[in-house]
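# Reading the structure
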Amino acid sequence: MEPAGSTGATDRDRHHKTHLRADGGSALADSYDVIVGGSGMSASTTAMILGKHGFDVAMIEAGTHPRFAIGEAMLPQSSMWMWIVGEYHDIPEIQYLSDANEIVDNVTASCGIKHSIGFAYHEPNQPVSDDRSHQLIPPDLPFYSESHLLREDVDHYLVEVAQEYGVEYVDETEITDVDIGEDEVTVTTDYGTAVASFYVDGTGGNSILADQLGYREDAPELETDSRAIFTHVEGLDPFDEVLEADARPGQSNRLHDGTLHHVFDGGWMWVIPFDNFERSEATKASVGLMLDREAYPVDESVKPVEEVERIISQFPDIAQHLDSADPVMPWTRTGPIQRSASQSSGHRHYLTSNTYGFVDPLYAIGLVNTFESVFVSTNLLLDAFEDDAFSTERFAPIDELHRRQLLNNDLLISNAYKSMGDFRLWNAWTQMWLGQVLFHDLYIQRHCFKFLESGRTAEFDSLLDESAPGDGAPFVTQKEAMHRTMADLLDAYEAGEVSADHAGDLMLAEMRQADWLPKHVYDWGTDRARHVDFSNPELVGKLIEWGKTDSPDRIREELFDFTVPEMA
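What counts and how
Residues numbered from 1 in each chain as written. Predicted model: local features only at pLDDT ≥ 70, side-chain atom pairs only at ≥ 80, totals over all residues. Heavy atoms only, no water. Axes fitted to C-alpha atoms, helices over the stretch in contact; angles between N-to-C directions. Helix = DSSP H or I, 4+ residues; strand = E, 2+ residues; numbered from the N terminus. Parallel < 35°, antiparallel > 145°, perpendicular 65-115°, else oblique. Left-handed = near helix turned anticlockwise from the far one by under 90°. Contact = heavy atoms within 4.5 Å. pLDDT = per-residue confidence, 0-100. Patch = residues over 30% accessible without salt bridge, like charges linked within 9 Å, V, L, I, M, F, W, Y side chains within 5 Å. Areas by Shrake-Rupley, 256 points an atom, 1.4 Å probe, with all protein chains shown as cover. Salt bridge = Lys/Arg side-chain N within 4 Å of Asp/Glu carboxyl O. Lys, Arg positive; Asp, Glu negative; His and termini not counted. Charge placed at Lys NZ, Arg CZ, Asp CG, Glu CD. Buried < 20%, exposed > 50% of the residue type's maximum accessible area, 1.4 Å probe, protein only. Phe/Tyr/Trp six-rings, centres within 6.5 Å; stacked < 30°, edge-to-face > 60°. Lys NZ or Arg CZ within 6 Å of the ring centre and 35° of its normal. Polar contact = N/O pair within 3.5 Å; in protein donor to acceptor, adjacent residues only side chain to side chain. Pairing = 2+ DSSP bridges.

### Structural notes on the packing of helix α13 (residues 423-454) against helix α14 (residues 476-494)
Here α13 crosses α14 at 165°, and the two axes come no closer than 12 Å. Viewed along their axes, α13 and α14 adopt a mutual orientation that is roughly antiparallel. Judged by the twist between their axes, the crossing of α13 over α14 is left-handed. Every residue of α14 that contacts α13 at Leu425, Ala428, Trp429, Met432, Gln436 and His440 is listed here: Val476, Lys479, Met482, His483, Met486, Ala487, Leu490 and Tyr493.

Shown next as structure tokens:
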């Protein structure tokens, strides 16, 4: 099937068919190849890719841009996925987001850097001590770096770029009905109706389609049960300056040079500075409390700011850290933030990952999942248009991808909350997280290195064949078994069947036995292991040498089978 927008028009010069509404806003035309509901990062990048490939696309937004949004911290994998998607589809505007300097040059000067992931564990009425924190500093690689994204600027930019690629964008337009027919999709808004060959639902938790099709019924039950209170602040001092000198990690980067997590029994607080980069013009930071609802049930009798003050007053270092800052907007308090669905795709439609479900922002997995999903789903949709075939079965891989993303996140995050009750448990769980995230990073980096050597985007195609990108990594079976064992130990601890010390000892022992974790690089399974600084080329060299010479055969042959690029 030829895309409607492919009759001689280039990527950026297609005529918009929209006309003005009576209120002066843009209205929809009669028909499109694809209608995308919503205009968040999943929706706008999906629309942009389809526009790049010559399809006639409409993107419908109920609100307007710029607008406040959270989900601001990146990981190495989210940066890599932005780089991969931009390279794969030859869209540099997506790829800009994978590098802090490119963001400043092309997107906004209001984003920060993320050259550290830090966790500080707090106990009531006690300062943070030198053995109660963890810091991971990622390696310096030539093709990406991590950032803190001021989402109102970044999301607005992506919407504008989508329009440059020919996407017709209408805002302040509510979708009131979506009818999935055999041969077309009919989307009704409060300003009219349009038809399309396909509908992509990026409307999040307010999805009309998910409600109409019963996708919220019989959805997977999530174990994580948390709520949020968040704001943006100005004038936040680096936490490194709050800590006593002997309690600081003492590595090459400060905690303030990345995302900091204040962790305590029953919850945690994110601290995401946008002003920690010499090229940034921002003065703000994002802060937010995430609270287990059983440990911290909501108290509607007090204002959100009063609840925040009451909670952090238990922890002197958090209170001192926040005391340096002034909110620039009222604290926002939510109910439970988890959502899930029983299905994510069907005949002539699919939901984006964030519309399908969400767990909790711990570990900043959301943007990784977003771009994994964009990569997989847009390739499926492009193939469907090529074959003019839009059956339910064709899009089944999206169901499996989103299901695995959601359940993996729930396992990781729900058990993190369980481990927060005792530092020995938290230490063991955090060490495990450091190991699995490092090796999943390596697996995606491997594909990037192979592409850099060959110049062929086909180096990424094998990721499309996995139930979720990364599932083909040679350590996954052992990692998942470790997760299950450690999760069982945390359940036993919660049930009072084992002590925290005993459960922690057994969790650490699991890591000591893992042959895919190189102990000379980071001493996984040792009670005193805390920080690791991969900006040190010598440490990276030790990891690569182990991988290519001394690692188990499956790791050497299926993970370290790449040519090491120049790191400068």
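And the narrative resumes.
### Quick look at the confidence of the model for the chain
For residues with low pLDDT, the predicted coordinates do not support detailed interpretation. When pLDDT is averaged along the chain, the result is 94, and 95% of the positions lie at 70 or above. Predicted confidence for residues 1-18 stays below pLDDT 50, and this span has 46 contacts to residues more than four positions away or in other chains.

### Observations concerning a negative patch on the surface
On the surface, a cluster of negative charge is contributed by Asp177, Asp179, Glu182, Asp183 and Glu184. Here Asp183 is to be found in the loop between β10 (175-180) and β11 (185-189). Residue classification places Asp183 among the exposed residues on the basis of a relative accessible area of 62%.

### Overview of the packing of aromatic side chains
Tallied over the entire structure, the rule returns 31 aromatic pairs. Taking 5.4 Å as the distance between ring centres and 20° as the angle between the ring planes, the aromatic pair formed by Phe475 and Trp516 counts as stacked. Note that Phe475 is positioned in the loop between α13 and α14 and Trp516 in the loop between α15 (500-512) and β21 (532-533), a separation of 41 residues in sequence. The residues Phe475 and Trp516 share a single accessibility class, namely buried. Among the aromatic residues, those joined into a cluster by ring pairs are Trp83, Phe143, Tyr144, Phe439, Phe449, Phe451, Phe460, Phe475, Trp516, Trp546, Phe560 and Phe562. The ring of Phe562 carries the charged tip of Lys548 above its face, separated from the ring centre by 5.1 Å.

### Examining the side chain of Ser377
Following the sequence through the fold, Ser377 ends up in helix α11 (residues 366-387). Overall, Ser377 belongs to the buried group, its relative accessible area being 3%. A distance of 3.4 Å separates the side chain of Ser377 from the side chain of Tyr350, its partner in a polar contact. If near-sequence neighbours (up to four positions away) are discounted, Ser377 is found in contact with Tyr350 and Ile398.

### As for the pairing of strand β14 (residues 259-264)
When you tally the buried positions in β14, you get six out of six residues, the bulk of the element. Both faces of β14 are covered, namely the face carrying Thr259, His261 and Val263 and the face carrying Leu260, His262 and Phe264. Note: strand β6 (residues 117-121) against β14, five bridges, orientation parallel. Following the sheet pairing, Ile117 is matched in β14 by Thr259.

### Notes on the side chain of Asp441
Its place among the elements puts Asp441 in helix α13. Buried within the structure, Asp441 lacks any salt-bridge partner; its nearest side chain of opposite charge belongs to Lys114, at an N-O separation of 9.7 Å. Sequence-distant contacts of Asp441, that is, excluding residues within four places in its chain, are made with Pro76, Gln77 and Met80.

### Here we look at the environment of Gln445
For Gln445, the position within the fold is in helix α13. According to the relative accessible area criterion, Gln445 is buried, its value standing at 6%. Separated by 216 residues in the primary sequence, Gln445 and Ile229 place their C-alpha atoms 35 Å from one another. Residues contacting Gln445, with those up to four places away along its chain left out, are Met80, Leu141 and Tyr144.

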